[in-house]
Amino acid sequence: MTQSHAIPTVSATATSTKAMPLLETINSEITAESFKIPISKVEPRANIEKASLPFEEIPGPMILKLWEKYWKYVPLLGTQLFCSLLISRLTQGRLSWNRNVTPIKFLFDEYGCIVRINGPLVNDIVMIHRPEHIAEVFKQESKLPIRSGIDILQHYRLNHHKYRSAGAFSLQSSEWLEVKKKVDQPFHEITSDYIEKLDSVCDELINRIHNIRNRQDEVPTNFHRELTAWGMECFYVTMFNKHLGFLDSTSKSTSEATKIINALITAHTYMSRCETGFQVWRFFETPFAKKLYAACDVLDEIIGKYIRQAQTKLQTSSKQEKSTIEKRNLSLLEKMIIQHIDPNDISILLMDMIILGVQAIINCEAFLLYFLAKNPRIQKRLYNEIISISPKIKYTLTKESLENMPYLKACIKESLRLRPAFPYLTRLLPSAISLHGYTIPKGTFVIMANQITSQREEHFEDPEKYQPERWLNFDEYAYNNYQEYSCLPFGYGVRSCLGKSMAETQMMLLTAKLVREFTIEYDYAEIRSRFLMINVPNRPLRFRFVNRS
């Protein structure tokens, strides 16, 4: 689920399950604005349009305007908006890093629906959350949109590893479009080809749950690691057409599976730490950067091994096999090699898919299981739908059976509305636009807080509640032209998530099989989210998986 729709490097997220009112400030100068009336003709008042307000009048923190001239003396912040010290000063200690009340939510509540941050780099930053404003940004974007990347990964590839590019995720403009065209078809093909194999991986996790439960049917506090193992096994099956044994309890600490899991967790942890705060690693390798680089080196070495094996396999194929190679059951890796994608680009793309895509899927699945556990009525309705399509526990789910489960799809979509993997979308404006009466110049960096957008009362009744039913009759909610922009868990447009179909299929398979096998319960404190480049649960996943009679 590598986030091609926008993986912002903004270390904040709206995670409260209780919706807070979004305050909208009114610029007093709007009401006092005077209009010049031509002497030759008096226009009717209704036809007179107000002149756009200047960009400089967009409200925002005054402290940043005062500090603007001092940014050049501060280490580069890359695409980061804030560092933890700045947040503490800005909010006078009222906010803490990665807590439930977030800096960007605070700024919207304080300054209104559009906020300007004086730019720490070259251009200023504008933050928005209304769907009509997000619609304007997407409607004017070109065929080659530009969004933010993850600075530390770019630095690792270009400076530490000396790759020729920072990778598909960080590519922009025509370079990105070229890679997208080559991987789109293999991504779409692989989802339907591997459903049966993904189904078997879900069975492995179910067997694992049976083995690790205690006498109260509760899984250990490290259950998130088991979900990570499931996510990586699914990745290996689709990418390399190989079962590695991530869910095998007999796996030794020196095995490849263990090395991958440890490297993935380490990379995700220290990537977030390097991206939040002053990026001193640009000048020398900090301890956090060294740990991240070491983890990425492990992933790069293993990925490189599989790329070389796939190349050798394809090169040694007979001419007869090559003529029918498209018809064979190839792995996704082999399909990308056939598309003549550069091996280094493939390696970088696969690492992004592991660090970001796999993490996104497993955390979205964790939140989905939590919402189902806390809503037994919804879980019961979902169970009834599943057994109506797939009554037998050992029955293998297919693409057709999943398509006949609209309530399962609604459960997933509602979970993604409340807890999207990536709570922000970003774009660099290719041309000037008008938002909320203000003229936003070309080159402005725009942060779209889509998680806040998807919890607005005017688009979703009781927006803080988990109600999958709302998606079964979603046309009733679509009463204006901006409804499609009110919930964008996979982004929008050209740079939407490449792995959307794969992510949804994996979540549907696992959820259907778990709900068919178990009643899922959760008896502890509310699980909220914190932002570590991806929304992650802030508490252990202490679920009870009770066998259904």
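Our subject is the structure that appears above.
In this text the structure is predicted, and so the values were computed from the model without any measurement.

Calculation notes
- Residues numbered from 1 in each chain as written.
- Predicted model: local features only at pLDDT ≥ 70, side-chain atom pairs only at ≥ 80, totals over all residues.
- Heavy atoms only, no water.
- Buried < 20%, exposed > 50% of the residue type's maximum accessible area, 1.4 Å probe, protein only.
- Helix = DSSP H or I, 4+ residues; strand = E, 2+ residues; numbered from the N terminus.
- Contact = heavy atoms within 4.5 Å.
- Pairing = 2+ DSSP bridges.
- Axes fitted to C-alpha atoms, helices over the stretch in contact; angles between N-to-C directions.
- Salt bridge = Lys/Arg side-chain N within 4 Å of Asp/Glu carboxyl O.
- Phe/Tyr/Trp six-rings, centres within 6.5 Å; stacked < 30°, edge-to-face > 60°.

Trainee: Give a detailed account of helix α6 (residues 151-160), specifying residues and quantitative values.
Mentor: Where α6 is concerned, the buried positions are Asp151, Ile152, Leu153, His155, Tyr156 and Arg157. Where the residues of α6 are buried, they touch α10 (256-275), α11 (287-315) and α14 (343-374). Residue Lys162 follows α6 closely and has a positive phi angle near 65°.

Trainee: Go over the sheet that holds strand β2 (residues 125-128) with me, naming the residues and quoting the values.
Mentor: What the four strands build is an open sheet, ordered β1-β2-β6-β3; its pairing is mixed. If you trace the sheet from one side to the other, it starts and ends with β1 (114-117) and β3 (425-428), each paired once. Direction aside, the axes of adjacent strands within the sheet are offset by 20° on average. Across four bridges, β2 lies against strand β6 (residues 445-448) in parallel orientation. When the sheet's bridge partners are listed, Val126 is paired in β6 with Val446. Each of β1, β2 and β6 is contacted by helix α4 (residues 103-111), which is oriented at about 115° to β1, the strand it contacts most. Against the sheet, helix α5 (residues 131-139) engages β2, β3 and β6, with an angle of about 135° to β6.

Trainee: I'd like to hear about the pattern of salt bridges, residue by residue, with values.
Mentor: This structure, assessed with the given rule, holds 18 salt bridges. Arg542 is paired through a salt bridge with Glu218; the nearest N and O atoms lie 3.7 Å apart. Taken together, the positions of Arg542 in the loop between β9 (535-537) and β10 (544-547) and Glu218 in the loop between α8 (195-212) and α9 (223-240) put the pair 324 residues apart, joining distant regions of the chain. In this structure Arg542 comes out as partly exposed when scored by relative accessible area, which is 28%. Arg377 is paired through a salt bridge with Glu469; the nearest N and O atoms lie 3.3 Å apart. With Arg377 in helix α15 (residues 376-389) and Glu469 in the loop between α18 (450-453) and α19 (500-517), this pair connects stretches of sequence that are 92 residues apart. Linked through salt bridges whose partners overlap, the residues forming this network are Asp199, Asp203 and Lys513.

Trainee: Any chance you could break down the packing of aromatic side chains for me, citing the residues and the numbers?
Mentor: With the rule as written, the count across this model stands at 22 aromatic pairs. Seen from their ring centres, Phe138 and Tyr485 are 6.3 Å apart, and the 15° between their planes marks the pair as stacked. In this pair, Phe138 sits in helix α5 while Tyr485 sits in the loop between α18 and α19, placing the two residues 347 residues apart along the sequence. Each member of the pair, Phe138 together with Tyr485, is buried. Ring geometry for Tyr370 against Phe371: centres 5.6 Å apart, planes inclined by 55°, an arrangement best described as tilted.

Everything listed is a geometric property; what it means functionally is a separate question.
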